[in-house]
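What the coordinates show
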Amino acid sequence: MGKGKESIPTIDLSNFPGEYGKLREACAEWGCFRVVNHGIPLDLMWDMKKVARSLLDLPVEIKRRNTDVIARSGYQEPSPVNPLYESLGLYDMASSHSVQTFCSQLDASPHQSEIMEKYAQAIYALTMEIGGKLAESLGLNSDFCKEWTCLFRINKYNFTPEVVGSTGAQIHTDSSFLTILQLDENVGGLEVMERNSDAFIPVDPLPGALLINLGDVATAWSNGRLFNVKHRVQCKEAGVRVSIATFLLGPKEAAVEAPPELVDAEHPRLYVPFTYEEYRKLRISSKSAAGTVDLLRIHS
Ligand SMILES: O=C(O)CCC(=O)C(=O)O
Ligand SMILES: [Fe+2]
């Protein structure tokens, strides 16, 4: 049974411990939720959006300087699969050195670099806070993700009147543990799939809120408790759409595996341990961008 007209849950980050139950349910039932009172200043979100737009408007020769650090972490050009989409990526956003390298490759101004630094620091802190609260909602220690890496992406969808009705980003799950999305405040198009039906629910922009999606690493790490939501971006109206995504990926080198507290006789281990980079390559080589983590399921 689908959940019909229910809408995506909203979690008030200023209301903990009160929200743990709602958070746990959102993660199990939806695999996504909005957060409010998250502490990222509105003017910083706005400034970051302006910087993202101008970097994505750079000539393609300059954008190509944003090279991969791990597989497909750098500039993604429009492709046959997603011809309306392009994206710039910054691997290891928690490192000031990585931010500076990204900025200098793209000839960012000192002002733009400063906004990037501030946003990267603030949003990285938020990934740690939300990751921590997720763990606590399962009765675990909040510091499990302290050494995990983050990938920052700015996405542009070139929606023109001729392509209304077509797809901007094909259906996928994120490979990450969790993703924080700052949506375009004007142009909608993101849709998440309900867990128990194949219905797509539009995620309309909600001023000031951020959207959190759980990805494949969350499902494997939680031994199946956290749901990796399928989603896509549809072109519903003409206009350039810019979104900002921060992916909390996984441990840099250690394997992703469910902690012992989440494994017992009733909950046998569901996934073979894997490293994030191995998994990223598996995702790239397996044609489908949704459901790859099922390949790592342990069959009894
Ligand atoms: O642009 C969006 O709203 C979604 C982007 C997305 O799903 C992704 O970057 O993984
Ligand atoms: Fe995504």
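Quick caveat, the model's predicted, so the values are computed rather than measured. (Residues numbered from 1 in each chain as written. Chains lettered and ligands numbered in written order. Predicted model: local features only at pLDDT ≥ 70, side-chain atom pairs only at ≥ 80, totals over all residues. Heavy atoms only, no water.)

1. Some details on the sheet that holds strand β11 (residues 239-251)
The pairing of strands in a sheet comes from backbone hydrogen bonds and takes either a parallel or an antiparallel form. Spelled out, the test is: A pair of strands counts as paired when DSSP detects no fewer than two bridges linking them. Helix and strand assignments follow DSSP, with helices taken as H or I runs no shorter than four residues and strands as E runs no shorter than two, numbered in order from the N terminus. Geometry is summarised by axes, namely lines fitted to C-alpha atoms with helices restricted to the contacting stretch, and by angles between N-to-C directions that run from 0 to 180 degrees. Working rule for contacts: check all heavy atoms of both residues, and any pair within 4.5 Å makes them a contact.
Strand order in the open sheet made by the 7 strands is β1-β2-β9-β6-β11-β4-β3, with mixed pairing throughout. In this open sheet, the two strands that pair with only one neighbour each are β1 (10-12) and β3 (85-91). Between one strand axis and the next, the sheet turns by 25° as a mean value, whatever way the strands run. Note: strand β2 (residues 32-36) against strand β9 (residues 210-214), 4 bridges, orientation antiparallel. Counted as the bridge partner of F33 is I212 from β9. Across the sheet, helix α2 (residues 42-56) lies against β3, β4 (148-159), β6 (178-182), β9 and β11, angled at about 105° from β11, the strand it touches most.

2. Thoughts on the UniProt feature "domain: Fe2OG dioxygenase" (unreviewed entry) in the protein chain
Our working definition: UniProt positions are given in the numbering used here, feature names are shortened, and annotations may be inferred rather than shown by experiment.
Those places that UniProt annotates as "domain: Fe2OG dioxygenase" (unreviewed entry) correspond, in this numbering, to residues 147-251. Helix makes up 6% of residues 147-251 and strand 50%, whereas the separation of the span's terminal C-alpha atoms amounts to 6 Å.

3. Things to note about the packing of helix α4 (residues 96-105) against helix α5 (residues 110-137)
What counts is decided by this rule: Take the far helix as the reference: if the near one is turned anticlockwise from it by less than a right angle, the crossing is left-handed, and if turned clockwise, right-handed. Put simply, Ala, Val, Leu, Ile, Met, Phe, Trp, Tyr, Cys and Pro go in the nonpolar bin, Asp, Glu, Lys and Arg in the charged bin, and everything else, Gly too, in the polar bin.
Where α4 meets α5, the closest approach of the two axes is 10 Å, and the angle between their N-to-C directions is 145°. Of the two elements, α4 crosses α5, and the hand of that crossing is right-handed. Mapping the contact onto sequence places S96, V99, Q100, F102 and C103 in α4 and S113, M116, E117 and A120 in α5. For the contact of α4 with α5, a count of residues per class yields 5 nonpolar, 3 polar and 1 charged.

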